[in-house]
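# Observations on the model geometry
Here is how the chains run, residue by residue.
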Amino acid sequence: MPTDQPNSDAQAPMDRLTCQQVTEAIIDYLTGDMQPETSRLFTDHLQGCPDCLAFFNTYNSTVRVARSLSYDDVPDEMCTRVRQFLLKTIAGK
Ligand SMILES: [Zn+2]
């Protein structure tokens, strides 16, 4: 019977992304490698999915900070503070 397979998703044009596809595509989105059509689906998904939006924001800010910093840019004071914080944390255990 032709109606044996009512689920015809495989042949339908892609009109939405799964959460997994979104998380895997974030790097493409940020680097500009994403197709415009995929980009639209991507942002559509983020608007309707708080989980992916939160992940995207975290990822995005992490990438931005990582790009803007190099080891040479870290001030000595920060190194000292981090070291003191770590020592205090270790000592407190
Ligand atoms: Zn999602």
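The structure presented is a predicted model; accordingly, all values stated were derived computationally and were not measured.

### Considerations on the nonpolar core
Core analysis: the largest hydrophobic core is formed by five residues, namely Val 22, Phe 42, Leu 46, Cys 52 and Phe 56. Counting only elements with at least two residues in this core, the list comes to α2 (36-48) and α3 (50-68). In contact with Cys 52, other than residues within four places in its own chain, are Cys 19, Val 22, Thr 23, His 45 and Leu 46.

### Details of helix α4 (residues 76-91)
In this model, α4 (16 residues) spans 22 Å end to end at C-alpha, consistent with the 22 Å of a helix rising 1.5 Å per residue. Judged by how many residues are buried, α4 sits mostly at the surface: zero of 16 residues are covered.

### Some thoughts on the confidence of the model for the chain
Per-residue pLDDT for the chain averages 83, and the proportion of residues at 70 or more is 84%. Across the chain, α2 holds the top mean pLDDT of 94, while α4 sits lowest at 85.

### Looking at the packing of helix α1 (residues 19-31) against α3
How two helices sit against one another is set out by the angle between their axes and by the gap between those axes. At a minimum axis separation of 10 Å, α1 and α3 run at an interaxial angle of 25°. With respect to α3, the element α1 is oriented roughly parallel. Seen from above, α1 lies across α3 with right-handed handedness. Along its contact with α1, which presents Cys 19, Val 22, Thr 23, Ile 26 and Leu 30, the element α3 presents Asp 51, Cys 52, Phe 55, Phe 56, Tyr 59, Asn 60 and Val 63. Taken together, the residues that form the contact of α1 with α3 break down as nine nonpolar, two polar and one charged.

Definitions and cut-offs
Residues numbered from 1 in each chain as written. Predicted model: local features only at pLDDT ≥ 70, side-chain atom pairs only at ≥ 80, totals over all residues. Core = buried A, V, L, I, M, F, W, Y, C linked by C-beta atoms within 7 Å. Buried ≥ 20, exposed ≤ 12 C-beta atoms within 10 Å, placed from the backbone. Helix = DSSP H or I, 4+ residues; strand = E, 2+ residues; numbered from the N terminus. Contact = placed C-beta atoms within 7 Å. Expected span 1.5 Å × (residues − 1). pLDDT = per-residue confidence, 0-100. Axes fitted to C-alpha atoms, helices over the stretch in contact; angles between N-to-C directions. Parallel < 35°, antiparallel > 145°, perpendicular 65-115°, else oblique. Left-handed = near helix turned anticlockwise from the far one by under 90°. Nonpolar A, V, L, I, M, F, W, Y, C, P; charged D, E, K, R; others polar.

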